[in-house]
Each structure stands twice: as structure tokens, then as C-alpha cells.
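Here is what each chain is made of, one letter per residue.
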2 protein chains.
Amino acid sequence: MKSKISLLTLGTEDIKRAAVFYKALGFVVHGEEDEDHVMFKAEGTWLALYSKNLYEKEMGIAPTGEFSGVVMAHNVGSKEGVDEVMEEARAAGGKIVKEAYETYWGGYAGYFQDPDGHVWSAAWNPFTDLT
Amino acid sequence: MKSKISLLTLGTEDIKRAAVFYKALGFVVHGEEDEDHVMFKAEGTWLALYSKNLYEKEMGIAPTGEFSGVVMAHNVGSKEGVDEVMEEARAAGGKIVKEAYETYWGGYAGYFQDPDGHVWSAAWNPFTDLT
């Protein structure tokens, strides 16, 4: 396999609620939305929402609502940009996990959760440009 | 924010074990590896490994080892390609969650877990080209 995550899919208990959140953050739906699946076209890896119940039926393992250690970062070019993303997340109904702060590794980042508890970081990284 | 996941970070209990797995799949390390953090350059969203303990210290929430409903897909252009990725994953020490099968949505996909339980799908999607 080549080094690529093609699509990141987030299990959700309420796909309408989750879709409202991601649209509020600016993600644009690709194709048709249905009650079990919504796909968002994105720069780089695409993002999708999928029914947790269907995941359990498909894979035979049930998603938990807890933090699994997966964090999606959205990188921006400045500290002010991080503050702006945190405000966007708050306005979209995200739960602020940790307000933006000077990280130990020399960056500036904050954490928020989507309605299902999936964790995002808004980050400024002065060493590696992932914007 | 623009529609982009810049970096996907996977919490790990054993960063060396996880790094061996991702290198075996062909991911190439960016910069220096250290005992708490490894970053892989990838097409689209980058991938990183990070100490679960540090996540807990940073965010105040402890990662669980359970399936959170996050699935990373690696898309390929054919069913045979899916079978090949599944074999690569098996050879790399991945746990096969579900062997590749004809999905209800008209594709062909299998599921495997990395050493920390993070779920990947190897997928052929005849409707949307994410390869």
C-alpha cells in the first residue's frame, strides 16, 4: 500500500446531529446524504460519517463513545488562526476539551470534541507545515 | 477552517511496536523518531503515533483501547488490490477483523486492526475514486 489514508470515517450515534456539526465547520457534502452515511470531500483525506450500529453489524465489534486515542488535527499558519478555529468549533456546538495553549513541543494548540466525542486539535506547528 | 484533516494521530501504548507495524506497511518516517512521537509523511493527511499517557496528561482524558468508531480506509483500484493490502496487513502483524467481502454498498472491503486496536479498512469503491 502507498502511504495514504484515503478516507477517515467517524462512527456516529446521530448522523443528522453530526452532519450539522461538520457542515457548520465548513465541510461540503459529496454526493447524497442518507440516514446511515454522509461523505465530505476534503483536501487530502476525505471525511465520512457512518452509523455506529452498522459498524457493529459489519465488523462484529461495537464502537464505544470513549476517547480511543485518535485525534484529527486541523493545522493553521498562526496562533491567531488556532484561536479562530477554536471559536468556530465552539460556535458549531463542539465541546472544548482544552483551550488553546502553548504546547510543550513549541507549538500552540487547542482540543475540541465533535458531538460523538471524536477529538480534534486546532494546531499551529512552527516546525512542520501541514496547513 | 478549510475542509482538511491535516494530521491523524493514533494514541499508542507501545510506540516502538506501532512504528514497526506502520513501517512494515510502507509508511516513511518524517524527521526524528522519539520515544513519545513518530510522524509519517503521507499523501493527503499525514499520520502520527503518540504516547497515550501523554494524551492523558495533555487533554485530561484517557484513551481507551476499545473501538471508538474511527476507521481509516486505504482505497485501491481493484478487488485484487484489496486482497493484496489485507495480505500486507496480515504480514505486518495486523489483526484481521473481517476478511475482504462484497459489501452491501457494492464495493469490496476488509478490516484489520493495528497493534493498538485502531481499525483500518482496505477498500475498493467503484463509485468514488479515493485512491
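Once a new chain begins, its residue numbering starts again from 1 and follows that chain's sequence as written. Each chain gets a letter, beginning with A, and each ligand a number, beginning with 1, in the order they are written. Side-chain atom pairs in this predicted model are given and counted only at pLDDT of 80 or more, local residue features only at pLDDT of at least 70, and totals for whole chains, interfaces and linings cover all residues.

K.L.:
How do you make sense of the pairing of strand β3 (residues 37–41) of chain A when you look at a structure like this?
P.N.:
Consecutive side chains of a regular strand alternate in pointing toward one face of the sheet and then the other. Residues and elements named next belong to chain A. DSSP bridges decide pairing: two strands pair if at least two such bridges lie between them. Only DSSP runs of H or I covering at least 4 residues are called helices, and only runs of E covering at least 2 are called strands; the numbering of each starts at the N terminus. Summarising the sheet, strand β2 (residues 28–30) and β3 pair through three bridges and their orientation is antiparallel. Counted as the bridge partner of Val28 is Lys41 from β3. The antiparallel hairpin formed by β2 and β3 contains six residues in its connecting segment, where Gly31 sits at a positive phi of about 70 degrees.

K.L.:
Even after reading the chapter, I still don't get the interface of chain A and chain B, so can you show me in this structure?
P.N.:
Frequently, the measure chosen for interface size is the accessible area that the parts lose on association. The interface is formed by 49 residues belonging to chain A together with 49 residues belonging to chain B. Here the side of chain A that touches chain B takes six residues from strand β5 (residues 70–76) of chain A, the largest share from any one element. This entry defines residue contacts through backbone-placed C-beta atoms, with two residues in contact when those atoms are within 7 Å.

K.L.:
Any chance you could explain the relation of the copies chain A and chain B here in plain terms?
P.N.:
Between the two copies of this chain, the relationship is a rotation about some axis together with a displacement along it. Least squares is used to superpose the copies, and the fit set is the C-alpha atoms of residues whose pLDDT is at least 70 in both copies. Laying chain A over chain B is done by rotating through 180 degrees and shifting 0.0 Å along the axis; what remains is an RMSD of 0.0 Å. Expressed as an axis order, the relation between the two copies is that of a two-fold axis. When each C-alpha of chain A is compared by its distance to the rotation axis, Gly44(A) comes out closest, at 1.8 Å. Most of the interface of chain A is mirrored in chain B, where 100% of its interface residues are also at the interface.

K.L.:
Sorry, what's going on with the sheet that holds strand β7 (residues 108–113) of chain A here?
P.N.:
Working definition: the strands of a sheet are paired by backbone hydrogen bonds and lie parallel or antiparallel to each other. An order of β6(A)-β7(A)-β8(A)-β5(A)-β1(B)-β4(B)-β3(B)-β2(B) is seen for the eight strands of this open sheet, with the pairing classed as mixed. If you trace the sheet from one side to the other, it starts and ends with β6 (95–102) of chain A together with β2 (28–30) of chain B, each paired once. With direction set aside, neighbouring strand axes in the sheet form an average angle of 25 degrees. With six bridges joining them, β7(A) and strand β8 (residues 119–124) of chain A adopt antiparallel strand pairing. Counted as the bridge partner of Ala109(A) is Ala123(A) from β8(A). Between N-to-C directions, angles cover 0 to 180 degrees, with each direction set by a line fitted to C-alpha atoms, over the stretch in contact for helices. Across the sheet, helix α3 (residues 79–91) of chain A touches β5, β6, β7 and β8 of chain A, and the angle it forms with β8(A) is around 155 degrees. Of the strands in this sheet, β1 (7–12), β3 (37–41) and β4 (46–51) of chain B are in contact with helix α1 (residues 15–24) of chain B, which crosses β4(B) at around 160 degrees.

K.L.:
In this structure, what is going on with the environment of Val29(A)? I would like to understand it.
P.N.:
Residues and elements named next belong to chain A. With respect to the helices and strands, Val29 occurs in strand β2. Neighbour counting defines burial: a residue surrounded by 20 or more other C-beta atoms within 10 Å of its own C-beta is buried, one with 12 or fewer is exposed, and intermediate counts give partly exposed, using backbone-placed C-beta atoms. The class of Val29 is partly exposed, set by 14 C-beta atoms lying within 10 Å. Taking the C-alpha atoms as reference points, Val29 and Ser51, 22 residues apart in sequence, are found 16 Å from one another. For Val29, the residues in contact, after removing those within four places along its chain, are Val38 and Phe40.

K.L.:
I tried to follow the domain arrangement of chain A on my own but got confused; where do I start?
P.N.:
Residues and elements named next belong to chain A. Domain annotation for chain A reports domain 1 (7–59) and domain 2 (71–124). Computed from C-alpha coordinates alone, the two centres of domain 1 and domain 2 are separated by 20 Å. Among the secondary structure elements, those contributing two or more residues to the side of domain 1 that touches domain 2 are β1 (7–12) and α1 (15–24). Only Asp, Glu, Lys and Arg are considered charged in this grouping, and only Ala, Val, Leu, Ile, Met, Phe, Trp, Tyr, Cys and Pro are considered nonpolar; every other residue, Gly among them, is considered polar. Of the residues in the side of domain 1 that touches domain 2, the class split is six nonpolar, two polar and three charged. Where each domain starts and ends follows an automatic or database-derived domain assignment.

K.L.:
Before we go on, may I ask you to explain the sheet that holds β2(A) in this structure?
P.N.:
Across the sheet, which stays open at both edges, the eight strands sit in the order β2(A)-β3(A)-β4(A)-β1(A)-β5(B)-β8(B)-β7(B)-β6(B) with mixed pairing between neighbours. Sheet topology places β2 of chain A together with β6 (95–102) of chain B at the edges, where each strand pairs with a single neighbour. Taken over all neighbouring pairs, the strand axes of this sheet differ in orientation by 25 degrees on average, direction set aside. With four bridges joining them, β3(A) and strand β4 (residues 46–51) of chain A adopt antiparallel strand pairing. Looking across to β4(A), one finds that Met39(A) is bridged to Ala48(A). Sheet contacts for α1(A): β1, β3 and β4 of chain A; angle to β4(A), the most-contacted strand, approximately 160 degrees. Of the strands in this sheet, β5 (70–76), β6, β7 (108–113) and β8 (119–124) of chain B touch helix α3 (residues 79–91) of chain B, which is tilted by about 155 degrees from β8(B).

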